[in-house]
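The residues making up each chain are set out below.
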Amino acid sequence: MLAAAVLIACALGAVGATPLASQTPTAQRDSAQRGIAIDARMAEDLGLAVGARVRISAKPGEAGDSVTIAAIYERKADPAEVARREYRVRLHLDQLQQLMELDDRVDRFAVGTRDGQSIDSALARINHVAFGFRAHKSRDVAVQSSRTFRVVERFHFAIGIITVVASAVFLLCLLLLSVEERKRDIAALRLMGISRATVVRAIVIEAAIVSLIGSVIGAGIGWIASLIVNAHFQELYRTPLVFALLTPQIFAFATGLSLVLGIGSGAAAGWRLVKSSPLSLMGR
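Residues numbered from 1 in each chain as written. Predicted model: local features only at pLDDT ≥ 70, side-chain atom pairs only at ≥ 80, totals over all residues. Heavy atoms only, no water.

Asker: Tell me what's going on with the overall build of the protein chain, and back it up with residues and numbers.
Answerer: Helix and strand content of the protein chain: 10 helices and 7 strands. A buried classification covers 26% of the 284 residues belonging to the protein chain. Residue pairs in contact within the protein chain that sit at least 24 positions apart in sequence constitute 74% of those at least 6 positions apart. Counting only carbon and sulfur atoms, one obtains 62% of the accessible surface of the protein chain, whose full area is about 19400 Å². (Helix = DSSP H or I, 4+ residues; strand = E, 2+ residues; numbered from the N terminus. Buried < 20%, exposed > 50% of the residue type's maximum accessible area, 1.4 Å probe, protein only. Contact = heavy atoms within 4.5 Å. Areas by Shrake-Rupley, 256 points an atom, 1.4 Å probe, with all protein chains shown as cover.)

Asker: Outline the pattern of salt bridges, supporting the account with residue identities and numerical values.
Answerer: Taken as a whole and judged by the stated rule, the model has 3 salt bridges. In this structure, Glu44 and Arg238 form a salt bridge, with 3.9 Å as the shortest nitrogen-oxygen distance. In this pair, Glu44 is assigned in helix H2 (residues 40–46) and Arg238 in the loop between helix H8 (196–237) and helix H9 (248–274), connecting sequence segments 194 residues apart. In this structure Glu44 comes out as exposed when scored by relative accessible area, which is 58%. A salt bridge links Asp45 to Arg238; its shortest N-O distance comes to 2.5 Å. Here Arg238 lies in the loop between H8 and H9 and Asp45 lies in helix H2, a separation of 193 residues in the sequence. Its relative accessible area of 30% is what places Arg238 among the partly exposed residues. Within the structure, one salt-bridge network assembled from shared partners comprises Glu44, Asp45 and Arg238. (Salt bridge = Lys/Arg side-chain N within 4 Å of Asp/Glu carboxyl O.)

Asker: So what's going on with the packing of H8 against H9? Residues and values would help.
Answerer: As a packed pair, H8 and H9 sit with axes 7 Å apart at the nearest point and diverge in direction by 150°. Regarding the angle of H8 to H9, the classification is roughly antiparallel. The handedness of the crossing between H8 and H9 comes out as right-handed. Of the residues in H9, those touching H8 at Arg196, Val199, Val200, Ile203, Val204, Ala207, Ala208, Ser211, Leu212, Ser215, Val216 and Ala219 are Phe251, Ala254, Thr255, Ser258, Leu259, Gly262, Ile263, Gly266, Ala267, Gly270, Trp271 and Val274. (Axes fitted to C-alpha atoms, helices over the stretch in contact; angles between N-to-C directions. Parallel < 35°, antiparallel > 145°, perpendicular 65-115°, else oblique. Left-handed = near helix turned anticlockwise from the far one by under 90°.)

Asker: Outline the nonpolar core, supporting the account with residue identities and numerical values.
Answerer: Of all hydrophobic cores here, the largest spans 14 residues; its most connected members are Ile36, Ile38 and Leu91. Within the residue set of this core, elements represented by two or more residues are strand S4 (35–39), H2, strand S5 (53–56), strand S6 (65–73), strand S7 (88–91) and helix H3 (93–100). One finds Ile186, Ile203, Val204 and Ala207 within the second-largest nonpolar core, a separate group that totals 12 residues. (Core = buried A, V, L, I, M, F, W, Y, C linked by side-chain atoms within 4.5 Å.)

Asker: So what's going on with the environment of Ala52? Which residues, and what values?
Answerer: In this structure, Ala52 sits in the loop between H2 and S5. A sequence separation of 15 residues divides Ala52 from Val67, and the C-alpha atoms of the two residues are 8.5 Å apart. When sequence neighbours within four positions are dropped, the list of residues in contact with Ala52 reads Val67, Thr68 and Ile69.

Structure, rendered in structure tokens:
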């Protein structure tokens, strides 16, 4: 229905407006009968609802055209706009041109390609015949506007690597201490004729079970934490954007990594202990 969007200044629950000198009374009545759409944040802050009458203009503090709010829409989950405080209004394209006193002029517009068509070839043809503007892929524009989030993503990745390494060292030390305290039990098993491989296998199985249980508990804590983080920041920024997410892929990766680290640490701790003779383990 609505073909364009413009950011506007608002005060006292109304939107300022600039009447056009060339606009006739008939055009003014037609403009008043046409509807606009506003975002939910603006409707909530200014107490507006569908059917309310407001005035719009390109500059605040002036009279303006009276229009009717025909729809209220939710913003998309766009990370590039999450921290912006502007209100957004959507108008018909000709209505926007009259409001801004512009004749066939736009800042930017989007062109879609049909299924199976090459975006690169369409981009090359547009830029070949274009004069006064430049065409870009929407993906490139999104990457350009999301550099801050990519820096944050790299920072989180580095923190994750450091955390995994530190956790692996802590797990190895914990298993070494745990096995060291049970060296008499292991010595008794060895004196009973239990092979070294069987003892190490038992320690590895125990370490794998502990790692699996720890993964499940950690996933539960992460899921609860993500709910708290999303509830807080979605309420703060009034956006449907998901700030923290625990997916099955993340859970599978974390569980697999935990099992690998647990099994490796258990094997290292077990072989370190069974290499000693059973009598030395008994203190003799």
